[in-house]
Each structure stands twice: as C-alpha cells, then as structure tokens.
Amino acid sequence: MSKKENDKFIITVKSNTKDLFAFTKLIPNRKKRFQKASSEPITSDPMNELARKLHPRRQYLIVSEIKDETKTTKTIKLIPDPDSNTKELAYFRAGQYLSLKVKVNGISITRPYSVSSSPSEALNGFYEITIKKVEDGYLTKYIWDNWKINQKIISSEPNGFFYYESLRDKKEIVAIGGGSGITPFRSMAKEIAEGKLDIKKMTIIYGSSEEDDIIFYDELKELESKNPEKIKVVHVLSCEEVSLEGCEKGFINADIIKKYTDVNNSTFFICGPQIMYEFLDKEIEKLNLPLKRVRKEILGQIKDIVNYPGFPQDFAGKTFNIKVHVGNAIKEIPALATEPVLVAMERAGLTPPSKCRSGECGFCRSRLISGEIYIIPESDKRRAADKRFNFFHPCSSYPLSNLEIKVPRDA
Ligand code: FES
C-alpha cells in the first residue's frame, strides 16, 4: 500500500506474520533436515523412476490373445513378456501409438500402431492393437501369417500427439475415422465411458466400404447406448447396397459432418487411409475451420508416392547410391527414388532408429552431407534450424540423386 506524505511516498507492506515466522525458520529447519539425512548416496530417485516407467526405452511384450474382428481385421492383445524385465506397461494417452520392432526375413523394421484399448487397461497389464490385413502391406501381411500366441515383440514407449488435450481442444470432439482408422477412437470412447476423459461429447463418424468391414460395430453400439449423452456413432457406408439401418451412404463429406455435429464448437480428429485424407481435405475446407481445430493422425508411409502431388514423377524408376555413415562405419546401399531413405536402409540390413515413420517424432533425424532429396511437404515437421543445417527425416524423404548421409545409431 502506498500514500503520499510531505511529498514523499510511504510504502507499507502488510504481511502475514505466520509467513514471516516460517521464513525465519527456513534455514534452521533445512539445517536440521541435512543433519538428520543419511550419508548413504541416493541410489534411486523417485522422479527418475517415474520417468522410466512412463517413458521406457523399450517394452518387451508377448501376444496373449488374437481376436478376429472382421474378415480382414484382428485385435492383438499384448502383455509384458514374463521372461523380460518389463514388469508393467507404460501409461499412455488415448490416441497414441506404439512403434513395434519386428524382424522379417532377417530385416529389422518398425511400424507404428495405434493402441485400441484404453489407457486404464494398460495399468491393468495389457495393450490392444487392431491390425487390418493389407495384401501388399509388408509388415501387416507378415503379422497375419506369422504371429501366434506367445510371439515375442519389442515395442517403444507410447508416442504421438493425436490425443485430446483440454487446454487446447474444444469440449466437443468429432472423430472421423476410415477403416482401421477407428482404432484410436475406440480407445478414446472407452476412456470416456470409464469417466476418465473429461469431454462434453464425442461424435464418431466412421466410414467403411461395406457392413462386414465395420470394426467394433457391436462394441461401439454398446458404448453409445450406455453413454447416450457423451458418445454418438454415425456409420457411413460407400457400397451400393446398404441394409444397415440409420447409416449414411457414400463418403464422409461436409454435409454429413454438419448434419451430426456442432461444427463451430468442436475439435476434429481425423484418422484413416491416405485416400480418405485427400478426399476429406476438400470437405473440411468447406467448413471454414481454423487449422488449430483439425488434428490429423500421422500419415505413415505414402502408398503411391509417384502420384503424390508435387513428387517429381520423372524420377520414378531411377535408382541411386547412398553412402551411409553410422558412427565410424560406412556402408554404400542402393535406393529407389520412390522409396523413403529409411526403407532403403532397412532393406540393406541397417537398423536406423525410427518410430512414427511420418516425419513427426524426429527419432530418425539424420544429416544430409550431400545430394538432393524430396521431402513430403505435409510430413516436413523439421525445426527451422534443422532445415538450415541440412538435417532431415529419412522416413519421409526420397533420394533424387546419389546421397551421403550421417545416421544415428539405433537407440
Ligand atoms: S521416424 Fe519419426 S520422424 Fe522419422
């Protein structure tokens, strides 16, 4: 408080005497604590322990159950490998993914898979991932044909930014999923039903080709009927003959979105195949949404890079040479212009680190010493300094000349 007296400002500080008294005791109390403390060195720090639990470098898991969801989709339950030092699973936020490391024909590769179970189920000792069989999908086909109960798997900690965040997102969310893109939304819906995700409402708009392709149909219906205020599910089928009652026909478009949602008071989460993103980009544009209210799950490796807008098509079919430095070792490998540099390295038996395979996590960050690359603009999430000093993400970059690169060792 201040007042003017005889042309001078008098400042009076009114304090809480209790606080002042505590302050005078601060140093003596600390001294007492030091004197009482053990002289033994601290062997484990609780904060470090917690950080290790939340962010383990690796999780050693086994397959404990495989359940058919549709003709082409399976849900795989993963639990800690009893023969390993993974005793409990890392917690995650609904919408995040695990990056699984799998050896296929002697080649070590990684793939991100969204967790389809809820975060509280991780605390109960399991994760679920739901995988759709893609005939030309290198890893999904391998998993379908080879994974059995007790299969051992190495997984990363849960990763990714595709989750609801109350500080950033609206209380109403619109979850637009296509095919197996429903998996992160199953996790979110379960968490809402458990009363652990504090949102007002989640409207799931789920596109499938046919009725038989709908994943989690009964489960979503049950979640909706038990939580009618909070969860709404709209099915959109693109086939000619539709017998499912109450569903929409065709593709998810702006009109369907407007019909079922409060567009101006919602945050949109989108997860599905690349072709759905391309179609939806135009539909979402019609809704005039600010960018911050549209969140897209990572793209993964682009299926048809030759026809990707902006890719230099005349490079299709060309092969280049990449000189790869890993630590003190140097290896020369061939690489197609139409495959990410990361894939070329994996094919050559190298094991560069990777998680998202979409340019987002920065785990594969490498240095381009010389040569030219094409970077998918949508996946170019590099920092300005990285761009300036020639760092790039091999998972989302394609060679357009012979290259020399320096790659980190696998973590
Ligand atoms: S693996 Fe995530 S940025 Fe390359």
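Residues numbered from 1 in each chain as written. Predicted model: local features only at pLDDT ≥ 70, side-chain atom pairs only at ≥ 80, totals over all residues. Heavy atoms only, no water.

Asker: Before we move on, could you go through the pattern of salt bridges and cite the residues and values that matter?
Answerer: Tallying each qualifying case throughout the model produces 27 salt bridges. One salt bridge connects arginine 186 with glutamate 219, and the closest N-O pair in it is separated by 3.1 Å. With arginine 186 in helix 5 (residues 183-193) and glutamate 219 in helix 6 (residues 217-226), this residue pair connects regions lying 33 residues apart in the sequence. Overall, the relative accessible area of 21% leaves glutamate 219 in the partly exposed class. Across the pair arginine 383 and aspartate 386 runs a salt bridge, and its minimum N-O distance is 3.4 Å. Since its relative accessible area comes to 5%, aspartate 386 is described here as buried. (Salt bridge = Lys/Arg side-chain N within 4 Å of Asp/Glu carboxyl O. Helix = DSSP H or I, 4+ residues; strand = E, 2+ residues; numbered from the N terminus. Buried < 20%, exposed > 50% of the residue type's maximum accessible area, 1.4 Å probe, protein only.)

Asker: Explain the side chain of threonine 130 residue by residue, including any values.
Answerer: Mapped onto the elements of the fold, threonine 130 is located in strand 7 (residues 127-132). By relative accessible area, which is 6% here, threonine 130 ends up buried. Only 2.9 Å separates the side chain of threonine 130 from the side chain of threonine 75, close enough to count as a polar contact. Within the local environment of threonine 130, its side chain forms a polar contact with the side chain of serine 116, the two groups lying 2.9 Å apart. (Polar contact = N/O pair within 3.5 Å; in protein donor to acceptor, adjacent residues only side chain to side chain.)

Asker: Describe unusual backbone geometry, naming the residues involved and giving the relevant values.
Answerer: Leave glycine aside and you will find that most residues have negative phi; peptide bonds, for their part, are mostly trans. Although it is not a glycine, asparagine 105 adopts a positive phi angle of roughly 50°. Counting through the fold element by element, asparagine 105 comes out in the loop between strand 5 (97-104) and strand 6 (107-114). Assessed through its relative accessible area of 66%, asparagine 105 is described here as exposed. You will see that phenylalanine 216, though not glycine, has its phi angle at about 60°, which is positive. Position of phenylalanine 216 relative to the elements: it lies in the loop between strand 10 (201-208) and helix 6.

Asker: I'd love a proper account of helix 1 (residues 17-36), names of residues and values included.
Answerer: With 20 residues, helix 1 extends 28 Å from end C-alpha to end C-alpha; this agrees with the ideal 28 Å at 1.5 Å per step. The largest bend in helix 1 comes to about 45°, at leucine 26, with the proline proline 28 one to four residues further on. (Expected span 1.5 Å × (residues − 1). Bend = angle between axes of the 7 residues up to and from the residue.)

Asker: Run through the sheet that holds strand 12 (residues 248-249), naming residues and quoting values.
Answerer: Sheet strands associate in pairs through backbone hydrogen bonding, adopting either a parallel or an antiparallel arrangement. Reading across from one edge, 12-11-10-9-13-14 is the order of the six strands in this open sheet, with parallel pairing throughout. Where the open sheet ends on each side, the last strands, each with one partner, are strand 12 and strand 14 (294-296). Pairing of strand 11 (residues 231-237) with strand 12, which is carried by two bridges, proceeds in the parallel orientation. Looking at strand 12, one finds that valine 236 is bridged to glutamate 248. Docked against the sheet, helix 8 (residues 274-286) engages strand 9 (172-178), strand 13 (266-271) and strand 14, running at close to 160° with respect to strand 13. (Pairing = 2+ DSSP bridges. Contact = heavy atoms within 4.5 Å. Axes fitted to C-alpha atoms, helices over the stretch in contact; angles between N-to-C directions.)

Asker: Residue-level account of the sheet that holds strand 21 (residues 403-407), with values.
Answerer: Taken in spatial order, the five strands line up as 16-15-21-17-19 in an open sheet, and their pairing is mixed. Since the sheet does not close on itself, it has two edges, and those belong to strand 16 (329-336) and strand 19 (391-392), each with one partner. Sheet topology places strand 15 (residues 319-326) next to strand 16; eight bridges connect them, and they run antiparallel. Bridge pairing in strand 16 links histidine 325 to isoleucine 330.

Asker: Pulling in residues and values, what's your account of the pairing of strand 13?
Answerer: Taken residue by residue, a regular strand's side chains alternate between the two faces of the sheet. Strand 13 sits mainly inside the fold: six of its six residues count as buried. Of the two faces of strand 13, both are covered, the one formed by Ser266, Phe268 and Ile270 as well as the one formed by Thr267, Phe269 and Cys271. Examined bridge by bridge, strand 9 and strand 13 share six bridges and lie parallel to one another. The residue bridging isoleucine 176 from the neighbouring strand is isoleucine 270, located in strand 13. Judged from the three bridges that link them, strand 13 and strand 14 form a sheet pairing that is parallel. Bridge assignment links isoleucine 270 to a residue of strand 14, and that residue is lysine 296. Considered for its hand, the β-α-β crossover made up of strand 13, helix 8 and strand 14 is right-handed. (Right-handed = clockwise from strand over helix to strand, strands pointing away.)

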